[in-house]
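Geometric and topological summary
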Amino acid sequence: MEDAARLLQLVVNGAAAGCIYGLIALGFVLIYKATEMVNFAQGDIMMLGGFVAYSLIAHYGLNYWVGALLAIAITAAFGFALDAVILRRVIGQPQFAVVMLTLGLGFIFRAGAGIGWGYDSVGFNTPFTNKTATIGQLVLGQDNLSIIVGTVLLCGVLYVFFSKTRLGVAMQASSQNQLAAYYMGIPVRTVFSLIWAISAGVAAVAGILLSPVSMIDVNMGFLGIKAFAAAVIGGFGSIPGSLVGGVVVGIVEQLAGYYLPAGFQEVTSNVVLLAMLILRPQGLFAELSGKRV
Amino acid sequence: MRYLFRTEYRQDTSLARHGGDFFWYGLLLVAMIVIPMLMGEFYVGELGGVFIFAIAGVGLMLLVGYTGLISLGHAAFLGIGAYVNSVLLAKGVPFVITLPVAGLFTAACGAAIGLPTLRMSGLYLAIATLAFGSIVGTVFQKWTSVTGGFDGFPVPTPTILGFGLDGATGIYYVSLVVLIFVLWVTANILRSPMGRAMVAIRDSEVSAQSMGINLARYKALAFALSAGMTGLAGALFAHYVRFLAPDAFDVLLSVQFVTIVFVGGLGSLHGAIFGAIFVRLLPQFIAIVRDDLPFGIGRLPGLEPSLFGLVLVLVILFQPGGINGLWLKLKHWFTAYPFKRQTSSRRQKSYAKSERLR
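Residues numbered from 1 in each chain as written. Chains lettered and ligands numbered in written order. Predicted model: local features only at pLDDT ≥ 70, side-chain atom pairs only at ≥ 80, totals over all residues. Heavy atoms only, no water.

**As for the nonpolar core**
Formed by 185 residues in total, the largest nonpolar core has its most connected members in Phe40, Leu87, Met100 and Phe236 of chain A together with Phe249 and Phe262 of chain B. Among the elements that take part in this core, helix H3 (residues 41–66) of chain B stands out by supplying 15 residues, more than any other. With 6 residues, the next largest nonpolar core counts Ala197, Ile201, Ala208 and Leu215 of chain B among its residues. (Core = buried A, V, L, I, M, F, W, Y, C linked by side-chain atoms within 4.5 Å. Buried < 20%, exposed > 50% of the residue type's maximum accessible area, 1.4 Å probe, protein only. Helix = DSSP H or I, 4+ residues; strand = E, 2+ residues; numbered from the N terminus.)

**Considering the packing of aromatic side chains**
Residue and element names in this part refer to chain B. The final tally for this structure, using the stated rule, is 26 aromatic pairs over all chains. Judged by centre distance (4.5 Å) and plane angle (40°), the rings of tyrosine 83 and phenylalanine 140 are tilted. Placement of tyrosine 83 in helix H4 (residues 74–90) and of phenylalanine 140 in helix H6 (residues 122–142) is noted, with a sequence separation of 57 residues between them. The exposure class of tyrosine 83 is buried, given its relative accessible area of 4%. Clustering of aromatic rings is evident, with ring pairs tying together Phe53, Tyr83, Phe140, Phe153, Phe237, Tyr240, Phe249 and Phe257. (Phe/Tyr/Trp six-rings, centres within 6.5 Å; stacked < 30°, edge-to-face > 60°.)

**Topic: the pairing of strand S2 (residues 138–141) of chain A**
All names here are of chain A. Side chains Leu138 and Leu140 of S2 all project onto a buried face; the interleaved residues Val139 and Gly141 project onto a face where none is buried. In the sheet, strand S1 (residues 132–135) pairs with S2 via 4 bridges, with the strands oriented antiparallel. Looking across to S2, one finds that threonine 134 is bridged to valine 139. (Pairing = 2+ DSSP bridges.)

**Section: the side chain of glutamate 205 of chain B**
Residues and elements named next belong to chain B. Structurally, glutamate 205 is set in helix H10 (residues 205–210). Of the residues examined, glutamate 205 reaches a relative accessible area of 15% and is grouped as buried. A polar contact is formed between the side chain of glutamate 205 and the side chain of lysine 219, at a distance of 3.1 Å. (Polar contact = N/O pair within 3.5 Å; in protein donor to acceptor, adjacent residues only side chain to side chain.)

**Remarks on the pattern of salt bridges**
Evaluation of the coordinates by the stated rule reveals 4 salt bridges over all chains. For glutamate 253 of chain A, the salt bridge identified is with lysine 226 of chain A, shortest N-O distance 3.1 Å. Here the residue glutamate 253 of chain A occupies a position in helix H10 (residues 239–259), and lysine 226 of chain A occupies one in helix H9 (residues 223–234), the gap between them amounting to 27 residues. Residue aspartate 203 of chain B is joined to arginine 202 of chain B by a salt bridge in which the shortest nitrogen-to-oxygen separation is 3.1 Å. Residue aspartate 203 of chain B is classed as partly exposed on the basis of its relative accessible area, which comes to 46%. Residue arginine 202 of chain B is classed as partly exposed on the basis of its relative accessible area, which comes to 32%. (Salt bridge = Lys/Arg side-chain N within 4 Å of Asp/Glu carboxyl O.)

**Quick word on the interface of chain B and chain A**
By convention, interface size is frequently given as the accessible area that disappears when the constituent parts associate. Between chain B and chain A, the contact holds 52 residues from the first and 52 residues from the second. Taken over both partners, the interface formed by chain B and chain A buries close to 4,800 Å², and the fraction arising from carbon and sulfur atoms is 71%. At the boundary of chain B with chain A, the tally comes to 0 salt bridges. For the pair chain B and chain A, the interface holds 1 residue pair in polar contact (both at pLDDT 80 or more). Broken down by element, the side of chain B that touches chain A gets its largest block of residues, 12 residues, from H6 of chain B. A per-class count over the side of chain B that touches chain A returns 34 nonpolar, 10 polar and 8 charged. (Contact = heavy atoms within 4.5 Å. Buried area = accessible area lost by both parts, 1.4 Å probe. Nonpolar A, V, L, I, M, F, W, Y, C, P; charged D, E, K, R; others polar.)

**Details of the layout of surface pockets**
Residues and elements named next belong to chain B. Each pocket or cavity is described by its volume, and for the second largest pocket that value is around 2,200 Å³. Mapped by element, the contributors of at least two residues to the lining of the second largest pocket are helix H2 (19–38), H3, helix H8 (168–191), helix H9 (193–203), helix H13 (269–289) and helix H15 (322–335). Ranked by residue count, the leading element in the lining of the second largest pocket is H2, at 9 residues. For the lining of the second largest pocket, a count of residues per class yields 28 nonpolar, 9 polar and 6 charged. (1 Å grid on protein atoms, 1.4 Å probe; cavity = no way out; pocket = protein on both sides within 12 Å on 5 of 7 lines; lining within 4 Å. Points joined across faces, edges and corners; volume = space filled by probe spheres on them.)

**Focus: helix H11 (residues 215–241) of chain B**
Think of an α-helix as turning once every 3.6 residues; residues three or four places apart then point the same way. Residues and elements named next belong to chain B. Along its 27 residues, H11 runs 38 Å from first to last C-alpha, staying within 8% of the 39 Å computed at 1.5 Å per residue. Of all 27 residues that make up H11, 21 are buried, and the element is covered over most of its length. One or two residues past the end of H11 sits arginine 242, with phi positive at roughly 70°. (Expected span 1.5 Å × (residues − 1).)

**A few points about the environment of phenylalanine 257 of chain B**
Residues and elements named next belong to chain B. Its location among the elements puts phenylalanine 257 in helix H12 (residues 251–264). A C-alpha to C-alpha distance of 14 Å links phenylalanine 257 and proline 283, two positions 26 residues apart in sequence. Non-local contacts of phenylalanine 257, meaning those with residues more than four positions away in its chain, are made with Phe53, Ala56, Leu60, His74, Ala75 and Leu78.

**Looking at unusual backbone geometry**
With an omega of 0°, the peptide bond running from tyrosine 337 of chain B to proline 338 of chain B counts as cis. Tracing the sequence through the fold places proline 338 of chain B in the segment after H15. Although it is not a glycine, glutamate 36 of chain A sits at a positive phi angle of roughly 60°. Among the secondary structure elements, glutamate 36 of chain A is positioned in the loop between helix H1 (2–35) and helix H2 (42–59).

Written out as structure tokens, the structure reads:
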């Protein structure tokens with residue numbers, strides 16, 4: 001019984017960490033589906049979102065919920081501007097140019113955050129910090145639960161947005177066929193920038209949800225590398241897949257940290273990623289089947 | 001302007017296009033041979049570092065500039081080459097054997113990682129190599145019985161035919177020879193059907209495949225060759241730093257290698273050399289001007305990586321040809337003088353290419 005409770009605890013913690021990976025991966029996938037670019041700076045955008053929330057809540061003393069919403073909006077606006085000003089210029093350049101461009105942007109964001117907020121870890125008080133919820137024998141941190149609940153809620157909102165609203169359907173249309181979307185009168189370029197905005201907003205949500213569990217610091221963007229594992233497991237192009245992949249990576253990582261000797265936990269996500277590429281490169285939820293000539 | 005007339009069949013297969021090439025490259029070679037006799041130990045060492053980075057840069061150029069794939073894990077290959085070379089040397093194997101073995105072993109590692117990941121689009125290679133680099137970095141740290149972990153690994157002094165290569169000058173000459181060898185191999189590969197196949201893959205995978213090119217084979221071959229050359233560079237790098245620390249081979253170093261290729265100019269061997277010079281000189285330049293910068297910019301801890309990031313972004317946005325592209329424009333201005341026009345170097349309008357099928 002003791003063991004089962006222990007295992008369940010690990011699984012819940014892993015699922016919470018996995019939801020964060022899943023949210024970052026969701027950002028990759030949204031952008032990849034629409035523009036066939038991969039944003040290597042996604043983790044750093046999450047870091048920026050976390051810092052903006054920290055400024056608003058800890059410095060300007062805003063209420064947690066107001067501050068969080070405002071931080072998400074600011075980060076989303078930043079994502080919009082990023083696409084409209086920089087990324088739009090490299091459309092048509094080879095894919096690896098975009099990889100390097102976003103990687104370089106990530107370095108710049110990290111330095112910018114270092115100048116703006118310093119290189120120390122910071123945190124702010126949330127309604128969930130240091131509180132626990134007891135379910136039967138299980139003692140769970142509310143911070144971990146808040147991540148899982150927040151992720152589920154966000155996914156619900158995104159699902160409704162993409163399937164029910166006019167703009168969401170327009171986004172789906174432009175991801176599927178740009179030219180046809182143009183002909184139907186959809187402003188494809190603005191829509192792409194809006195997708196970048198949503199993706200940045202999702203990253204900000206991840207940063208804010210993560211803040212009670214781990215501190216915000218400049219190097220938190222390296223979580224993005226683990227999120228790649230999540231995205232690849234999901235098939236790089238499937239939104240539910242990225243979340244499932246994230247949870248898988250998170251749980252495997254927690255279990256590896258508990259059952260394997262020290263040092264294995266940090267490489268688990270990478271090993272899972274490589275194993276996935278060798279065994280089933282198209283991912284669990286394959287959507288892309290071939291190439292257009 | 002120079003007009004080339006073909007008068008002999010031999011001209012078609014010669015590496016040098018005309019007499020001027022022989023003259024200028026010969027002059028450069030003589031200068032490189034003479035330099036250690038004229039300059040101080042420090043400058044010779046730095047120039048040796050440039051050669052080592054140029055070797056890795058040529059390897060990466062073959063992959064990124066000619067095959068159109070990107071690797072974010074070349075620091076790991078540099079590390080593998082460095083450790084294989086040093087561990088074998090410490091076991092008493094002569095340097096003449098450890099150097100090629102380091103290259104071949106790294107190439108085998110490259111093939112092993114390339115074969116499974118290259119079945120998918122080139123994007124997966126970037127992600128897989130990023131993961132691979134981080135795994136290899138952890139292995140260097142944890143496998144203390146071989147690598148010494150964080151205590152480091154002192155690199156033994158190599159000897160060639162009884163001569164000990166202990167100073168910067170010895171490594172300088174060995175690096176120069178290896179660099180020339182690597183350039184010669186790459187230039188020849190690029191003229192062969194294999195090189196043509198790689199360029200075809202870069203320009204369009206679909207049309208390359210429809211011409212009967214085995215995509216997975218050539219991509220894996222390019223990746224293995226690239227890794228092997230980086231392994232050679234790693235073996236020399238071990239002697240350049242003389243003391244191996246496992247955390248030297250991190251993502252930042254991989255990004256520096258890719259910066260070599262992008263800043264130098266994609267798709268040209270000259271670019272790999274220009275890029276290596278730039279990447280090696282930038283930290284030196286920062287060190288010199290650090291104290292004179294306004295607003296305390298020089299004291300920021302993340303200055304170097306962010307400058308690399310900034311340069312990368314600016315080059316991709318405004319000068320996709322890199323330093324080599326600038327040089328070609330300058331040369332064109334002189335050779336065509338006074339007929340240079342605004343439109344001579346205008347970029348072609350490019351459109352988004354989709355790789356999807358739906």
